[in-house]
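Here are the chains, one letter per residue:
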Amino acid sequence: MMAKNNKNLCLIFGDQLSHSISSLENISKTNDVVVMFEVLEENTHVKHHKQKIAFVLSAMRHFSEALKENGIPVYYVKIDDENNTQSLDGELNRAIQHFKSTKIILTEPSEFRVKEKINRWVADGRVTFEIRDDTRFLCSHSEFQNWAKNKNQLRMEFFYREMRKKYNILLDDSGKPLGGKWNFDKENRNPIKKNIAFLKKPYFEKDDITQEILNLVEKMFPDHFGSLNNFHWATTREQALALLNHFIDYNLNNFGDFQDAMLADEAFIFHSVLSPYINFGLLNPLEICKQVEYAYREGRVKLNSAEGFIRQILGWREYVRGIYWLNMPSYENKNYLSAKNKLPDFYWNANTDMNCLHQAIHQTHEFAYSHHIQRLMITGNFALLCGIDPKMVCEWYLIVYADALDWVELPNTLGMSLYGDGGLMASKPYAASGKYIARMSNFCDGCKYDPTLTVGEQACPFNFLYWDFAGRHEDKLKPNQRLAYTYANWKKMDPDIKKAIRKQAKAFLETLFGLT
């Protein structure tokens, strides 16, 4: 046990597992001690996927061991320690008492929920707090606020261009975008129509720490969503770097062409699956962008692949974080389309005849992962069309994905998938019929429903739900110029077909939600 000598506490949260985190800058090995807590509170405020819990706890323990190897003193509380109070408040109080601390150093939290907790600690006044900016992010809060000021629309594309300029990424000597365009998205929407070999990611043997965590999670969280059978996550920075290098060497070149494609029984395709390591601190976003740019300039990857991947990190990720902090806490209560239906049970068990939903949810259960198009255009699209309560959908997304933290999940789900913010983020609702799913996937092969039919017993539910959604929300959505084509088709549609669509959609929703 460490001596009680008025040490400063350097508090590290579970998503701050970076040796370059600002709270560790100039740390004194004699006057400071790193404190890290595993608590039930953080694992059960929503019932996180088993793999997500296992990944975070194992990564935390590996990170603490790496700090100790560098000579940094660490006070670490495990979730199954006998005296664990199982709350951040309780464990911080215990640490303060143990070290007779008067000062706590920390990097600002990523989630509003935790920030409110810190604000209460600061207001308590028993100790002083030094709260540092999270410099791992590439756009500060004030910088995003200045960019957003006096803008009627906050479109990611224009923010992304500013970030490219700021960090001189994929620009020529005159500061113009390589290839003459800022965005190669139109080249990144190809379906996979033939057999393509996917090179599997490296597999890491489970060490004693990870195996102990897997056993603990199965014991302590038996009723949480998901399976631990396919646990595949890296739990150290070295392993995460190996996955980054493997992705750049073998999958990035095809990523651009097929990033929107979806396949049954193939969860990863050419995706990097690096988002958990970025969000929880094992990888730095700027180092990734630089490595990808270098691979392009060396001629190892195509420009559309390099640009498309960098856009997700330098553009979208930073933009989403900016939207979150600019609009919280009111943002989480937005519900522009007044959606109020409950989340269907099959979101938990994948027991549905709609094969696209079955595939996306089953993959999520098995891997704590589903790539961005499946989240947006399958599970999210269905929730949008069916009018499912945004709070229920957002909680589901926060629970089931290994990369989900509130700051990244909430805007992506509420703003993009559900149009719950009324267009603050998205220029139109991302609603689509079964024809889109059939074009971009093989999910429709062998499905009970036919994506070419809009009404009738074999009609794909996405088809009649799509048009029913347009009809239900015509007053709010018709003025949107990006939906002019949709409503022009709706207007000229045969009245009897319209009536049949609305009738079938009504019956489907009543059955799904038990409505009368």
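Attention here is on the structure that accompanies the text. What you see is a predicted model; the values in this text were computed from it and never measured. (Residues numbered from 1 in each chain as written. Predicted model: local features only at pLDDT ≥ 70, side-chain atom pairs only at ≥ 80, totals over all residues. Heavy atoms only, no water.)

### Things to note about the overall build of the protein chain
And step 1. From N to C terminus, the protein chain includes 21 helices and 5 strands.
And step 2. Its C-alpha atoms give the protein chain a radius of gyration of 24 Å, within 12% of the compact-globule value 24 Å for 516 residues.
And step 3. With 516 residues in all, the protein chain has 59% of them scored as buried.
And step 4. The contacts of the protein chain with a sequence gap of at least 6 include a subset with a gap of at least 24, amounting to 77%.
And step 5. Here the protein chain has roughly 22,300 Å² of accessible surface; of this, 48% comes from carbon and sulfur atoms.
And step 6. Distance between charge centroids for the protein chain: 6 Å, based on 64 positive and 63 negative side chains. (Helix = DSSP H or I, 4+ residues; strand = E, 2+ residues; numbered from the N terminus. Rg over C-alpha atoms; globule rule 2.2 N^0.38 Å. Buried < 20%, exposed > 50% of the residue type's maximum accessible area, 1.4 Å probe, protein only. Contact = heavy atoms within 4.5 Å. Areas by Shrake-Rupley, 256 points an atom, 1.4 Å probe, with all protein chains shown as cover. Lys, Arg positive; Asp, Glu negative; His and termini not counted. Charge placed at Lys NZ, Arg CZ, Asp CG, Glu CD.)

### Digging into the sheet that holds strand 2 (residues 32-37)
And step 1. Strand order in this open sheet of 5 strands is 3-2-1-4-5, and the pairing throughout is parallel. Taken across any chain shown, the strands that pair with only one partner, and hence form the sheet edges, are strand 3 (74-77) and strand 5 (128-132). Mean inter-strand twist for the sheet, computed between neighbouring axes without regard to direction, equals 25 degrees.
And step 2. Pairing geometry for strand 4 (residues 103-107) and strand 5, over 5 bridges, is parallel. Pairing of Thr107 across the sheet is with Arg132, part of strand 5. (Pairing = 2+ DSSP bridges. Axes fitted to C-alpha atoms, helices over the stretch in contact; angles between N-to-C directions.)

### Re the packing of aromatic side chains
And step 1. One pass over the structure, following the stated rule, counts 34 aromatic pairs.
And step 2. Centre to centre, the rings of Phe268 and Tyr369 are 5.4 Å apart; their planes meet at 35 degrees, and the pair counts as tilted. Note that Phe268 is positioned in the loop between helix 8 (237-258) and helix 9 (275-279) and Tyr369 in the loop between helix 13 (355-367) and helix 14 (372-386), a separation of 101 residues in sequence.
And step 3. On the basis of relative accessible area, Phe268 is assigned to the buried category, the value being 14%. (Phe/Tyr/Trp six-rings, centres within 6.5 Å; stacked < 30°, edge-to-face > 60°.)

### Digging into the environment of Met60
And step 1. As for its placement among the helices and strands, Met60 is situated in helix 2 (residues 50-69).
And step 2. For the pair Met60 and Glu205, spaced 145 residues apart in the sequence, the C-alpha separation amounts to 18 Å.
And step 3. Non-local contacts of Met60, meaning those with residues more than four positions away in its chain, are made with Gly14, Leu17, Met36, Phe37, Glu38 and Tyr76.

### A look at helix 14
And step 1. With 15 residues, helix 14 should reach 21 Å at 1.5 Å per residue; the first-to-last C-alpha distance of 20 Å fits that figure.
And step 2. Along helix 14, the helix axis deviates most sharply at Gly380, where the bend reaches about 40 degrees.
And step 3. Burial analysis of helix 14 places 14 of its 15 residues in the buried class, which makes it a mostly covered element.
And step 4. Following helix 14 by one or two positions, Gly387 adopts a phi angle in the positive range, close to 65 degrees. (Expected span 1.5 Å × (residues − 1). Bend = angle between axes of the 7 residues up to and from the residue.)

### A closer look at the packing of helix 13 against helix 14
And step 1. Packing of helix 13 against helix 14 brings their axes to within 10 Å, and their N-to-C directions diverge by 115 degrees. Where helix 13 crosses over helix 14, the handedness of that crossing is left-handed. Along the contact surface, helix 13 presents Cys356, Leu357, Ala360, Ile361 and Gln363, while helix 14 presents Gln374, Ile378, Thr379 and Phe382. (Left-handed = near helix turned anticlockwise from the far one by under 90°.)

### Describing the environment of Arg237
And step 1. Of note, Arg237 is situated in helix 8.
And step 2. Residue Arg237 is classed as partly exposed on the basis of its relative accessible area of 31%.
And step 3. Taking the C-alpha atoms as reference points, Arg237 and Val114, 123 residues apart in sequence, are found 25 Å from one another.
And step 4. Ignoring sequence-local partners within four residues, the contact set of Arg237 consists of Leu282, Leu283, Asn284 and Glu287.
And step 5. Polar contacts involving the side chain of Arg237 include one to the main-chain carbonyl oxygen of Leu282, which spans 2.9 Å.
And step 6. A polar atom in the side chain of Arg237 sits 2.9 Å from the side chain of Glu287. (Polar contact = N/O pair within 3.5 Å; in protein donor to acceptor, adjacent residues only side chain to side chain.)

### Focus on the nonpolar core
And step 1. One finds Tyr277, Tyr319, Leu357 and Phe382 to be the most contacted residues of the largest nonpolar core, which totals 161 residues.
And step 2. Top element by residues in this core is helix 11 (residues 303-327). It accounts for 11 residues.
And step 3. Those residues in contact with Leu357 that lie beyond four places of it in its chain are Phe346, Tyr347, Thr352, Ile378, Thr379, Phe382 and Phe462.
And step 4. In this structure, Phe13, Val35, Val39 and Ala95 belong to the second largest nonpolar core, which totals 21 residues. (Core = buried A, V, L, I, M, F, W, Y, C linked by side-chain atoms within 4.5 Å.)

### Description of helix 15 (residues 390-400)
Along an α-helix, residues three or four apart share an orientation, since each turn contains 3.6 residues.
And step 1. Along helix 15, 8 of the 11 residues are buried, which leaves the element largely enclosed by surrounding structure.
And step 2. Taken as a whole, helix 15 has its buried residues at Pro390, Val393, Cys394, Trp396, Tyr397, Leu398, Ile399 and Val400.
And step 3. On its buried face, helix 15 is in contact with helix 2, helix 12 (346-349), helix 13, helix 14 and helix 16 (406-417).
And step 4. Here helix 15 starts with a cap whose side-chain oxygen sits 3.0 Å from the backbone nitrogen of Lys391, and that cap is Asp389.

### Observations regarding the side chain of Thr413
And step 1. Here Thr413 shows up in helix 16.
And step 2. Judged by relative accessible area, Thr413 falls into the buried class, the value being 3%.
And step 3. Ignoring anything within four residues of it in the chain, the contact list for Thr413 reads Val393, Cys394, Tyr397 and Leu418.

### Things to note about the pairing of strand 1 (residues 8-11)
And step 1. Here strand 1 shows no split at all, with Asn8 and Cys10 on one side and Leu9 and Leu11 on the other all buried.
And step 2. As paired elements, strand 1 and strand 2 share 4 bridges and run parallel to each other. Counterpart to Asn8 in the pairing with strand 2 is Asp32.
And step 3. Summarising the sheet, strand 1 and strand 4 pair through 3 bridges and their orientation is parallel. The residue of strand 4 that forms the bridge with Leu9 is Ile104.

### So, the environment of Arg189
And step 1. Within the secondary structure, Arg189 sits in the loop between helix 6 (156-167) and helix 7 (208-220).
And step 2. Relative accessible area serves as the criterion here: at 43%, Arg189 is assigned to the partly exposed category.
And step 3. Separated by 300 residues in sequence, Arg189 and Asn489 place their C-alpha atoms 24 Å apart.
And step 4. Beyond its immediate chain neighbours, meaning those up to four positions away, Arg189 contacts Asp257, Asp260 and Met440.
And step 5. Among the polar contacts listed, one links the side chain of Arg189 to the side chain of Asp185, at a separation of 2.7 Å.

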